[in-house]
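Structural features, examined
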Amino acid sequence: MKEYNITIVPTNNPKIIKLEANHFLVKGNYEYKNIDEAKNSPLAQQLFYLPFVKTVYIASNFVALERFDIVEWEDVKDEVAQQLVEYLNAGEPVVNEEDVKKKQPITVYAEVTPNPAVMKFVSNKKIVPSTYEFKNIDEAKESPLAMELFHLPFVKEVFMDENYVSVTKYEVADWEEINMQLREFIRDYLADGKDVVTAEAIQKSKETVEQNKAGTDYDDTSLQIIDILEEYVKPAVAGDGGNILFQSYEEESGTVSVILQGACSGCPSSTFTLKNGIETMLKNMMGEKIKEVVALNG
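How each quantity is defined
- Residues numbered from 1 in each chain as written.
- Predicted model: local features only at pLDDT ≥ 70, side-chain atom pairs only at ≥ 80, totals over all residues.
- Heavy atoms only, no water.
- Patch = residues over 30% accessible without salt bridge, like charges linked within 9 Å, V, L, I, M, F, W, Y side chains within 5 Å.
- Areas by Shrake-Rupley, 256 points an atom, 1.4 Å probe, with all protein chains shown as cover.
- Salt bridge = Lys/Arg side-chain N within 4 Å of Asp/Glu carboxyl O.
- Lys, Arg positive; Asp, Glu negative; His and termini not counted.
- Charge placed at Lys NZ, Arg CZ, Asp CG, Glu CD.
- Helix = DSSP H or I, 4+ residues; strand = E, 2+ residues; numbered from the N terminus.
- Buried < 20%, exposed > 50% of the residue type's maximum accessible area, 1.4 Å probe, protein only.
- Phe/Tyr/Trp six-rings, centres within 6.5 Å; stacked < 30°, edge-to-face > 60°.
- Lys NZ or Arg CZ within 6 Å of the ring centre and 35° of its normal.
- Pairing = 2+ DSSP bridges.
- Axes fitted to C-alpha atoms, helices over the stretch in contact; angles between N-to-C directions.
- Contact = heavy atoms within 4.5 Å.
- Core = buried A, V, L, I, M, F, W, Y, C linked by side-chain atoms within 4.5 Å.

**Thoughts on a negative patch on the surface**
Taken together, Asp217, Asp219, Asp220, Glu250, Glu251 and Glu252 make up a surface patch of like negative charges. One can find Glu251 in the loop between β11 (242-250) and β12 (255-262). Residue Glu251 is classed as exposed on the basis of its relative accessible area, which comes to 65%.

Written as structure tokens, this is what we have:
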């Protein structure tokens, strides 16, 4: 069993002290204003039995306490620190984090996209830090949510971005039959606090972005195109449950190549959008430098 030690750390606020442990206590961040709010934290409940404790904060490897004016921390801090040490070394729970996860208030609504094979399921909270696309279950090893979705026989592809999941279905199923099932499945999964993508996938995504910034030497025209896509095109395609990525620019032919993901990939209207939307915009904004825009499905 771990042996806990506590260090008393003063803060800029004289009413608050920080009790720092030598081991991690919790994964999340928690704040309790009274004993009723602390139902999932046996430690916070015990601390509220001290009449001078006003607020309890628990995060990472520390507990911070805000006091009422009836005492000064100088008079009671050692006693509180000793009580905390004894509690932790007795192996008592700090926060029942599984209970916290199951109580997350999540709403999910379904939204149609221009692609009849794709439905967009939007959450009221951010679920991933960047875009992820999975064409099959083998590609979905870094996403527990995608893995579970692929076990549904009608799920063909899964795309994720910030606060939504776009699901591509096989033709054998109708949205009227599976829409509700998918929406409730995704909502319940998120409400349970389960990981949408793994920590390794998030780290890999960050490293890829940093490598692209550092290792890609784009010419001025390519940089202009990327800026236009980011500012004017990406928000629109994201609204339709998809994504667009710059691939390349060929100066001699004036050809811009982009990658379409999510609902945009394989969408019957994507060619029209590409030619009459993106291509026209780039031509109008960049003149003769742009002759054609071609797309590769992600």
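**Topic: the packing of aromatic side chains**
All told, the structure shown has three aromatic pairs when counted by the stated rule. Measuring from ring centre to ring centre gives 5.9 Å for Phe52 and Trp73, while their planes differ by 90°; the resulting arrangement is edge-to-face. Of the two residues, Phe52 sits in the loop between α1 (42-48) and β4 (53-59) while Trp73 sits in helix α2 (residues 73-89), which places them 21 residues apart along the sequence. Sitting above the plane of the Phe62 ring, Lys18 keeps its charged end 4.4 Å from the centroid.

**A closer look at the sheet that holds strand β10 (residues 164-169)**
Across the sheet, five strands lie side by side as β6-β7-β10-β9-β8; this open sheet has antiparallel pairing. Of all strands in the sheet, those with a lone pairing partner are β6 (108-112) and β8 (132-134), marking the two edges. Adjacent strand axes in the sheet meet at a mean angle of 20°, parallel and antiparallel pairs treated alike. Alignment of β6 against strand β7 (residues 118-123), held across five bridges, turns out to be antiparallel. Paired with Glu111 across the two strands is Lys120, which belongs to β7. Sheet contacts for helix α5 (residues 175-191): β6, β7, β9 (155-161) and β10; angle to β7, the most-contacted strand, approximately 30°.

**Remarks on unusual backbone geometry**
One non-glycine residue, Ser60, adopts positive backbone phi at about 50°. Owing to a relative accessible area of 26%, Ser60 belongs among the partly exposed residues under this scheme. Even without being a glycine, Glu162 presents a positive backbone phi close to 50°. Mapped onto the fold, Glu162 is located in the loop between β9 and β10.

**Thoughts on the nonpolar core**
Among the nonpolar cores identified, the biggest contains 32 residues, and Tyr32, Val56, Ile58, Val63 and Leu65 are the most heavily contacted of them. Those elements that provide at least two residues to this core are β2 (16-21), β3 (29-32), α1, β4, β5 (62-67) and α2. Setting aside chain neighbours within four positions, we find Leu65 in contact with Lys15, Ile16, Ile17, Leu19, Leu47, Val53, Thr55, Val56, Trp73 and Val80.

**Section: the sheet that holds β3**
One open sheet accounts for five strands, arranged β1-β2-β5-β4-β3; its pairing is antiparallel. Strand pairing shows two members of the sheet lacking a second neighbour, β1 (6-10) and β3, which therefore form its edges. Between one strand axis and the next, the sheet turns through 20° on average, direction left out of account. With five bridges connecting them, β2 and β5 associate as antiparallel partners. Opposite Lys18, over in β5, you have Ala64 as the bridge partner.

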